[in-house]
Structure formats: C-alpha cells, structure tokens
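Architecture and fold: a report
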Amino acid sequence: MLTIDRATRDAIIEHARRDHPDEACGVVAGPIGSDLPLRHVPMVNAAMSPTFYEFDSTDLLRLYQEMDERDEEPVVVYHSHTATEAYPSRTDVNLASEPNAHYVLVSTRDEVTGGAPESGPVDFRSFRIVDGEVSEEEVTVVERYDDEATSPTQKAAD
Amino acid sequence: MAIEVRIPTILRPYTGGERAVDGSGSTVGELIEDLESNHAGIKERLLEDGSVRRFVNVYVNDEDIRFTGGLDTAVSDGDTVVILPAVAGG
C-alpha cells in the first residue's frame, strides 16, 4: 500500500497537468527504509514526448547524489500517461529499476490542454514492479503523516 | 588506492548487497572486466553488443561517459565511477 499526503499527491497531479500533452515525471524521496514519500522532486522529461519519459542523465546523477547525502531513497517514482490509462506499459515494466519503489502512474487522457478548470478527472494509481511483475496496490491519501513517523523532519512540500 | 564504483540497488545482488565496491583498470571497459571477475554476471547487465546499454548510465567523476569516449574513457586510482539505471518508460 502507498500512503501519501494530500499536498504531495496534488502536486504530482498538478505537474502532470502542467506538462500535458507531454509526459511528466519525477520522484518523491524519503528516508531509507521509512516508506514515507516526503520530498517531492519534479524532474524534467528529457524526452519531451507524449509517449516516453526519461530523466536527463545529469539531473539523474545529481538527484541520486542528493538522496545519498540525505540518506534518502526514491519512495515514489511517478510519470504520466497522456493518452492511455494509468497502468504501466510494457516499456515501463522493462525499464523499472527500483524494486523498492512505488511506481505511480497518472493519466491525463481526459485533460483539456492548458489545464482549464473544466479539465477531466485525473487517475492516480500505484504499482510495484519487481522482476517484470506488476502488482497494483491501494493508495491511501492522508492529510499529513503521523508526527512520530516523520519526526523531526517536517514535510517539504513544493 | 583503487577506483570506487557505486552500485545501484538493482545490481547489488551481484555485489553481495554492497553499495560500493573497488575495481581497477585503465579504462571503463577494463574496469567492467575487473568487476565481472569479482561479481560474475554484472557485465551482462551493463553491456550489450560491446557497448554500454542504452538505459544504463555510467559516470566517471560526475561525467556521463557517453560524452567522454564511452568504454574507452580513462580511469585511474582515486576516481569515482557511478552506475545508475535510467529512470525512463513510456
């Protein structure tokens, strides 16, 4: 199960809407072993494509060095699908390389380009992808994480 | 002194769970051969048809080797090599 706070979930959806019709991507980092997605890091989609995403290689190195310094790992790895459902594609499965991460998929296929107020609902689903096997998991949205779980770090929402 | 090689989570089964291992060689290609001799199977995960796989990134002292000569990129003792799988999909 993925437990995520509302502000972070909303920020991911907002990122997906903003980048539509290109795919949006990013991570939510958290302390190693905590399973808490605390620090939202929107990434640039170097592919700038409606059907593919890839973190820029220099950005990728910087991200992992930063997480290393902070004893973090990518708790959530997310990207959007802009014309299909929020389910991992074959490419997503083949390239999944973080067996401990929650892979979040957002679909903006009902989106009106430009993020107009009448834009349709956005699907937000989470999966584990391990050794080529996809399993969907429940998403629980909380207003905030338990204080003792996050102490002493405060949530760093963007 | 040796070359420090940072191993990503998904390849740690080849290094007994170690996040970083030491290696040697004068180029990245030689370094990978040296890694393979101590961590059998890792080369296949890094290379395809004699070059680094499309969705594997290798950095020598923070430089992506795609821009510095690929497997011929020179390395020496004290260098840090980072291996990171691409974060990508469709």
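This text goes with the structure placed above it.
Keep in mind it's a predicted model, so treat the numbers as computed, not measured.

**Points about the overall build of chain B**
- Each helix and strand counted, chain B has 2 helices and 8 strands in total.
- Its helices and strands taken in sequence order, chain B reads β-β-α-α-β-β-β-β-β-β from the N to the C terminus.
- For 90 residues, the compact-globule estimate of 2.2 N^0.38 gives 12 Å, and chain B sits close to it at 12 Å.
- For chain B, the C-alpha atoms occupy an extent of roughly 40 × 30 × 25 Å along the three principal directions.
- The proportion of buried residues among the 90 residues of chain B is 32%.

**Let's talk about the environment of Tyr64 of chain A**
- Assignment of secondary structure puts Tyr64 of chain A in helix α2 (residues 57-69).
- Spatially, the C-alpha atom of Tyr64 of chain A lies 9.9 Å from that of Ala29 of chain A, the residues being 35 residues apart in sequence.

**Let's talk about the sheet that holds strand β5 (residues 56-60) of chain B**
- The strand order across the open sheet formed by 5 strands is β2-β1-β7-β5-β6 (chain B), and the pairing between neighbours is mixed. In this open sheet, the two edge strands, each paired with only one partner strand, are β2 (20-23) and β6 (63-64) of chain B.
- By the bridge criterion, 5 bridges tie β5 of chain B to strand β7 (residues 80-85) of chain B in an arrangement that is antiparallel. Across the sheet, residue Tyr59 of chain B finds its bridge partner in β7 of chain B, namely Val82 of chain B.
- Against the sheet, α2 of chain A touches β5, β6 and β7 of chain B, its axis set at about 105° to β7 of chain B.
- On top of the sheet, helix α1 (residues 28-38) of chain B reaches β1 (3-6), β2, β5 and β7 of chain B; it is set at about 110° to β2 of chain B, its chief contact.

**Re the interface of chain A and chain B**
- With 20 residues of chain A in contact, the opposing surface of chain B contributes 16 residues.
- Counting residues per element, the ones that place at least two in the side of chain A that touches chain B are β4 (53-54), α2, β5 (72-81) and α3 (90-95) of chain A.
- Among the elements that take part in the side of chain A that touches chain B, α2 of chain A stands out by supplying 5 residues, more than any other.
- Among the residues making up the side of chain A that touches chain B, the classes are represented as 9 nonpolar, 8 polar and 3 charged.
- In this sheet, strand β8 (residues 88-89) of chain B lies alongside β4 of chain A in antiparallel orientation, the contact comprising 2 bridges. Its bridge partner being in β8 of chain B, Tyr53 of chain A is matched across the sheet by Gly89 of chain B.

So, how was this worked out
Residues numbered from 1 in each chain as written. Chains lettered and ligands numbered in written order. Predicted model: local features only at pLDDT ≥ 70, side-chain atom pairs only at ≥ 80, totals over all residues. Helix = DSSP H or I, 4+ residues; strand = E, 2+ residues; numbered from the N terminus. Rg over C-alpha atoms; globule rule 2.2 N^0.38 Å. Buried ≥ 20, exposed ≤ 12 C-beta atoms within 10 Å, placed from the backbone. Pairing = 2+ DSSP bridges. Contact = placed C-beta atoms within 7 Å. Axes fitted to C-alpha atoms, helices over the stretch in contact; angles between N-to-C directions. Nonpolar A, V, L, I, M, F, W, Y, C, P; charged D, E, K, R; others polar.

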